[in-house]
Structure formats: structure tokens, C-alpha cells
Amino acid sequence: STGTMAPGSLAEQQQKANEMLKQNPQAFFCADALGRVLLLVPAGACLVIYYANDGANARCETEVPLFLVVTGWTVVAIVIILTLATCAQRRSGGGEGEQKKITPLMACLGCLHSMAGTWYMVFWFIGNFWVWNTEPCDDGQTVNCCDPEIWNGARGYLIFTYVMLGLLCCCCCCLACAVAAQQSKMQQAGETHV
């Protein structure tokens, strides 16, 4: 049953977004690929810092090396799950204008993604506590210290995530303003034609 949609309703906005996606699927693919790269690069950096500095055997009195390796592999797992979910969604069928059915594989991947994302968020907050309560080890220091390369790498990763979160907030605000301006123009254009 199809009912009429209120102008500016969420359903109407979703329909417009779907139409834009159908007209330009390459833009969605590029944004999706860029998002995955932005996830993988810092995760790869965490793993490189950990393994290049022999994180398992590095001099560290706190859990900073654990934070690096778990964060890195969790993000890699999230990207793999997202990639598999995207492939499963494309193969799920559904013709033009039909809604794609959710397969058991897609439901399972969605559940895994939710669990991995929750694990990452919790571990990220705990890691913040570990990293910012640790100092680089000097010659005589043995309490709350860590190998300087691992410590600096973990701090760099966290600073990068703070910057990316700030940029994401700014981009969302700019996008909301652009959408509001576009809707205002469309309403004004509709009023002049009536």
C-alpha cells in the first residue's frame, strides 16, 4: 500500500536519496571506499607501530601496546564485515523499485558489525584512559611508563581520531545546512509556479 508522503518527510527524503543513488552509483561507491580507507589507514598505523616496536615485548608498564593491537585488528575486522555486508546486500536481489530482502547472512553480518562497533567504542574509551595516564619511559622510571615509540604512536592515533570526529561533526553540520538551503530553494520555486 502506497500512501501520500508529507513534503519534507523522512520517507520523501529517503526516496530522493535513493533516486540520487540510482542516478549516480559511482559517487556512493567512492564515498564508501573513502570511508573504508579512512578507517584502515589509522588501524594499519596502529598495527605497524605495535609490530615494528615489538609491542609484545616492549618495555611498557601499562596496557598501551594492548590498546594498539586490539584497536588495529578490531578496525580491520569491522572493514571486512562491512565489505562482506555490502557484497551480500548487492546479491540479495530485488528488482527496480523493490526493497531488497534481508537474508540470514546479512542479518548475521549486521549483528557482527554491531558487536564489533560496540567493542571498538568501549575499548577506545578505555584506551584513552590508558594512553593519557602513561608517560614515556626514562632510564630510571618504572611506574606508568611505556616505550616512547609505542606511547607516541598511540597518542598520535588518538589525536587523529579526535580530529576526524571533529571534522565529521563539522561536515554533518555543513550537510544539514546545505540540505536545508536546498529544501528552502525548492519550496520557493514551488510557490512561484503555483
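Residues numbered from 1 in each chain as written. Predicted model: local features only at pLDDT ≥ 70, side-chain atom pairs only at ≥ 80, totals over all residues. Heavy atoms only, no water.

**Quick notes on the layout of surface pockets**
Estimated volume of the second largest pocket: approximately 780 Å³. Along its surface, the second largest pocket is lined by 23 residues, and Leu38, Leu39, Met164, Leu165 and Leu168 are the ones closest to its centre. Broken down by secondary-structure element, the contributors of at least two residues to the lining of the second largest pocket are helix H2 (25–52), helix H3 (64–90), helix H4 (104–132) and helix H5 (148–193). Residue contributions to the lining of the second largest pocket peak at 9 residues, all from H5. Partitioning the lining of the second largest pocket into residue classes produces 19 nonpolar, 4 polar and no charged. (1 Å grid on protein atoms, 1.4 Å probe; cavity = no way out; pocket = protein on both sides within 12 Å on 5 of 7 lines; lining within 4 Å. Points joined across faces, edges and corners; volume = space filled by probe spheres on them. Helix = DSSP H or I, 4+ residues; strand = E, 2+ residues; numbered from the N terminus. Nonpolar A, V, L, I, M, F, W, Y, C, P; charged D, E, K, R; others polar.)

**A look at the side chain of Thr74**
Considering the arrangement of structural elements, one finds Thr74 in helix H3. We classify Thr74 as buried; its relative accessible area is 10%. Reaching out from Thr74, the side chain makes a polar contact with the backbone oxygen of Val70 at a distance of 2.6 Å. (Buried < 20%, exposed > 50% of the residue type's maximum accessible area, 1.4 Å probe, protein only. Polar contact = N/O pair within 3.5 Å; in protein donor to acceptor, adjacent residues only side chain to side chain.)

**Focus: a nonpolar patch on the surface**
Nonpolar side chains collect at one region of the surface, where Trp132, Ile159, Tyr162, Val163 and Leu167 lie side by side and expose about 450 Å² of accessible area between them. Sort the elements by how many residues they give to the nonpolar patch and H5 lands first, with 4 residues. Along the chain, Tyr162 falls in helix H5. (Patch = residues over 30% accessible without salt bridge, like charges linked within 9 Å, V, L, I, M, F, W, Y side chains within 5 Å. Areas by Shrake-Rupley, 256 points an atom, 1.4 Å probe, with all protein chains shown as cover. Salt bridge = Lys/Arg side-chain N within 4 Å of Asp/Glu carboxyl O.)

**Re the nonpolar core**
Of all hydrophobic cores here, the largest spans 30 residues; its most connected members are Val64, Phe67, Leu68 and Tyr157. Within the residue set of this core, elements represented by two or more residues are H2, H3, H4 and H5. Ignoring any residue separated from it by four or fewer positions in sequence, one finds Val64 in contact with Trp130, Val131, Thr134, Cys146, Ile150 and Ala154. (Core = buried A, V, L, I, M, F, W, Y, C linked by side-chain atoms within 4.5 Å. Contact = heavy atoms within 4.5 Å.)

**Section: H4**
When the terminal C-alpha atoms of H4 are compared, their 42 Å separation across 29 residues agrees well with the 42 Å that a helix rising 1.5 Å per residue should span. Those residues of H4 that fall on the buried side of the exposure criterion are Met106, Leu109, Ala116, Tyr120, Phe123, Trp124, Gly127, Asn128 and Val131. (Expected span 1.5 Å × (residues − 1).)

**Side note on unusual backbone geometry**
Positive phi, normally seen in glycine, also occurs at Asn144, with a value near 50°. Note that Asn144 resides in the loop between strand S1 (135–136) and strand S2 (145–146). A relative accessible area of 42% places Asn144 in the partly exposed class.

**Observations concerning the side chain of Thr71**
Tracing the chain through its elements places Thr71 in helix H3. A polar contact of 2.7 Å, which involves the side chain of Thr71, links it to the backbone oxygen of Phe67. What Thr71 contacts, discounting residues up to four positions off in sequence, is Cys46, Tyr120, Phe123 and Tyr157.

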